[in-house]
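Next come the chains, spelled out residue by residue.
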Amino acid sequence: MQSSAAAAFSTLCPNITLAANPTSIKLHGLSSFGDLKYPADYTQFDYVALDAPQGGTFAFTPSWWYFNQNVQTFNTLNSFVLRGESPPRMELCFDYLMIWAVDEPDALYCALAKSVEISEDRNTYRFELRPEAQFHDGSAVTARDVAFSYNTIKEKGHPQIAQDLRHLVEAVAVTDEIVELRFNGKQSDRAILSVANTVPIFSAAYYTDQEFDASTLSMPLGSGPWTVDRLKAGSFVEFAKVDNYWAGDLPFARGKNHFERLRIEFYRERVAAFEAFKKGVVNWREEFTSKVWATEYDFPAVTDKRVKLKLFSEERRPALQGWAVNSRRSKLADPRTREAIGLCFDFEWTNKNMFYDSYTRSQTIFAKSPFEAEEEPSPEELALLEPYRDQLPDSVFGSAIRQHVSDGSGSDRKALRKALGLLREVGWQRDNGRMIDEAGEPLTLEFMIRSPTFERILGKYVENLQKIGVDASVRLVDPTQFQARLDAFDFDIVGIAVSLGASPTAEAMRQFLHSDSAKRDGSYNYPGISHPVLDALLERMDTVSNREELIVVLRAIDRVLRSLHLWIPNWYAANHRVAYWDMFGWKEPKPDYYFPVESLWWLDAAKAKAIGKA
């Protein structure tokens, strides 16, 4: 079946991806399909502000984080391994071979590297390093350091980075300024876009007497624009801008990083974090709780306009937010059980009574993007799916599965009846009000959360599950335990929000959807997705040659994924809800594909003085 699928797909994708990026010449950038906005002689990115004032401290609550990072606590500064919890923004302390232009969907430009050259067989990428690059101790960044970093991350790094390197044979220092990344030929042609800007470059010399995967509160030697200056474990971390940063006036770095210090305060509870903002201890935050946004931003600093509220448009990227149902657990292995669980969530009631009608229901992990499957499959999608018809339910070949629209009562009888029917099909039976299996074991279901906010949101959902006999409960765990259980997939259901790339690579999607990642602790494959058709479709992603073909493949993937009911999609908003003390400036419009406020905003001294924050 796979060979016939490949034959069908070859008519759609006759070219090699990234083929518009030529081989055997030095390039200043790469993109999925060869289109770069900025020429080789560009002097800055359009979204930066060269004339912005410098100085001040940006005390903020991060909206997003990576790898083992945690916004509630931390016990290590090592962000790039599975062990421990580190503070967000540690990645800013390091340089990368290439950097993402955040006003383009998929373009990388040379950063630590001066140029990149693709071999004729497209399996080797040769990077020439900038000779002026140096670590914070003044030592030169060499090809040996780059090779050490890639080889070490592949062996010991956090799975969310290391998995993208599985087809990397080796990174080799050819000379002090030339390093090659050599792949085995099994990688997708766009694989380089997943790794050239995500692997931080470490000092090989520094790690001659340091353990790479150690949990430590000592700042590792970096070369980036920031370094950790002050900290109190679990309480705060303060980054200082590096004096005379080696790349400060190079095109990829110009016009960024205007603050002198970045300070992150850590709070285990939302209420404490909000109070810190109200007092001005924290001066920027994004609000993710609609009730708070609607009812609690009425404190004096808002009334007298020292604190401003503003909506910023969301990025043009697919967003995954939903409850992952852990199919590794036998009680949740059948898709009908998972579908029944999803039917008990009354979004319409929740949106009205909990969210002030501020959200739209997600249908897919590709919400807000062209990758979301629509109505009937196109002929091109069918060409991909037909060879696997005997492995897929009929629903994949019809109108795209959508979430049930309830009557808004909070306890939709039609949905609950359907859920009961699905559970009975699987073999679950009601016994004295409890849903039990053939062995008499009850169907228990625990929602693992790390914020009390979700206890309120999940209340009606749990109540509906209990009505059909499911022993459902909510378990609030501390931040350290939450991360450990998440990494080990030790949960029934957990809520997760992730932003995907604007033009996802096969490597990136394998972390979410491939059978291999289902077995790898620390991966993004929280539901344990393991399906041969999804694995095969991910292989098809390797061969797309333009964005239109990428859309076809991802829509086909979306149709299959929806039929498995492994994610219970949540909701999304059209904007970032941002509250800030009125002491900042920024350049309009914001970039389309990212929102790095700490890098692009600046302190406006006159505004700060006017509100008593000089």
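Just so it is clear, the model here is predicted, and its values are computed rather than measured.

(A) The overall build of the protein chain, seen in detail. When its secondary structure is counted, the protein chain shows 19 helices and 26 strands. Over its C-alpha atoms the protein chain spans a radius of gyration of 25 Å, differing by no more than 12% from the 25 Å that the globule rule assigns to 614 residues. By its C-alpha atoms, the protein chain is 70 × 65 × 45 Å across when sized along the principal axes. Buried residues in the protein chain amount to 59% of all 614 residues. Long-range pairs, those at least 24 residues apart, make up 72% of the contacts in the protein chain between residues at least 6 apart in sequence. Put simply, the protein chain shows about 23900 Å² of open surface, and 49% of that area lies on carbon and sulfur atoms. The average position of the 71 basic charges and that of the 85 acidic charges among the side chains of the protein chain differ by 5 Å.

(B) Main features of the nonpolar core. Counting 107 residues, the largest nonpolar core has F127, Y150 and F252 as the members making the most contacts within it. Once residues lying within four places of it in the same chain are set aside, the contact partners of F127 are L97, M98, A113, S115, V116, E177, I178, V179, L181 and I192. One finds F33, L385, M448 and L538 within the second-largest nonpolar core, a separate group that totals 48 residues.

(C) Summary view of the pattern of salt bridges. Within this structure, the stated rule accounts for 41 salt bridges. One salt bridge connects D582 with K308, and the closest N-O pair in it is separated by 3.5 Å. Residue D582 is found in the loop between β24 (575-581) and β25 (584-585), and its partner K308 is found in strand β14 (residues 307-313); the two are separated by 274 residues along the sequence. D582 gets classed as buried once you look at its relative accessible area, which sits at 14%. K308 sits in the partly exposed class, given a relative accessible area of 29%. Here R510 ties to E539 by a salt bridge, and the two come within 3.0 Å at their closest N and O atoms. Placement of R510 in helix α14 (residues 506-513) and of E539 in helix α16 (residues 532-541) is noted, with a sequence separation of 29 residues between them. E539 gets classed as partly exposed once you look at its relative accessible area, which sits at 33%. Among the charged side chains, a salt-bridge network with shared partners connects R329, K331, E446, R475, R485, D490 and D492.

(D) Focus on empty space enclosed by the protein. Counted according to the given criterion, the structure contains four cavities of 30 Å³ or more. Of the volumes computed, that of the second largest cavity is approximately 110 Å³. Of the residues that constitute the lining of the second largest cavity, the class distribution is nine nonpolar, no polar and three charged.

(E) Focus on the environment of V494. Along the chain, V494 turns up in strand β21 (residues 493-499). When its relative accessible area of 0% is taken as the criterion, V494 is described as buried. Measuring from C-alpha to C-alpha, the distance between V494 and V325 comes to 7.1 Å, with 169 residues separating the pair along the chain. If near-sequence neighbours (up to four positions away) are discounted, V494 is found in contact with G322, W323, A324, M448, F482 and L486.

(F) Just the side chain of E315, in detail. For E315, the position within the fold is in the loop between β14 and β15 (319-325). The exposure class of E315 is buried, given its relative accessible area of 13%. Residues within four places of E315 in sequence aside, it is in contact with H576, K590, D592, Y593, Y594 and F595.

(G) Broad picture of the layout of surface pockets. Each pocket or cavity is described by its volume, and for the largest pocket that value is around 410 Å³. Lining the largest pocket are 25 residues; nearest its centre among them are I401, R402, Q403, R562 and H565. Contributions of two or more residues to the lining of the largest pocket are made by β15, α8 (335-343), α17 (547-564) and β22 (567-569). By residue class, the composition of the lining of the largest pocket is ten nonpolar, eight polar and seven charged. Counted as a void, the second largest pocket has a volume near 240 Å³. Contributing to the lining of the second largest pocket are 16 residues, with K241, G248, A253, K256 and N257 lying nearest its centre. Taken together, the residues of the lining of the second largest pocket break down into five nonpolar, five polar and six charged.

(H) Quick look at the confidence of the model for the protein chain. On average, residues of the protein chain score 93 in pLDDT, and 97% of them are at 70 or above. Confidence over residues 1-17 falls short of pLDDT 50; this stretch has 36 contacts with residues more than four positions distant or in other chains.

(I) Just the pairing of strand β7 (residues 124-129), in detail. Counting buried positions over the six residues of β7 gives five, a clear majority of the element. Relative to β7, strand β6 (residues 113-118) runs antiparallel, the two sharing five bridges. The partner of S115 across the bridge, within β7, is E128. Taken together, β6 and the strand that follows it, β7, pair antiparallel across an intervening segment of five residues, in which R122 is found at a positive phi of about 60 degrees. The pairing of β7 with strand β9 (residues 178-183) spans five bridges and is antiparallel. Its bridge partner lying in β9, T124 is registered against R182.

Thresholds, definitions, all that
Residues numbered from 1 in each chain as written. Predicted model: local features only at pLDDT ≥ 70, side-chain atom pairs only at ≥ 80, totals over all residues. Heavy atoms only, no water. Helix = DSSP H or I, 4+ residues; strand = E, 2+ residues; numbered from the N terminus. Rg over C-alpha atoms; globule rule 2.2 N^0.38 Å. Buried < 20%, exposed > 50% of the residue type's maximum accessible area, 1.4 Å probe, protein only. Contact = heavy atoms within 4.5 Å. Areas by Shrake-Rupley, 256 points an atom, 1.4 Å probe, with all protein chains shown as cover. Lys, Arg positive; Asp, Glu negative; His and termini not counted. Charge placed at Lys NZ, Arg CZ, Asp CG, Glu CD. Core = buried A, V, L, I, M, F, W, Y, C linked by side-chain atoms within 4.5 Å. Salt bridge = Lys/Arg side-chain N within 4 Å of Asp/Glu carboxyl O. 1 Å grid on protein atoms, 1.4 Å probe; cavity = no way out; pocket = protein on both sides within 12 Å on 5 of 7 lines; lining within 4 Å. Points joined across faces, edges and corners; volume = space filled by probe spheres on them. Nonpolar A, V, L, I, M, F, W, Y, C, P; charged D, E, K, R; others polar. pLDDT = per-residue confidence, 0-100. Pairing = 2+ DSSP bridges.

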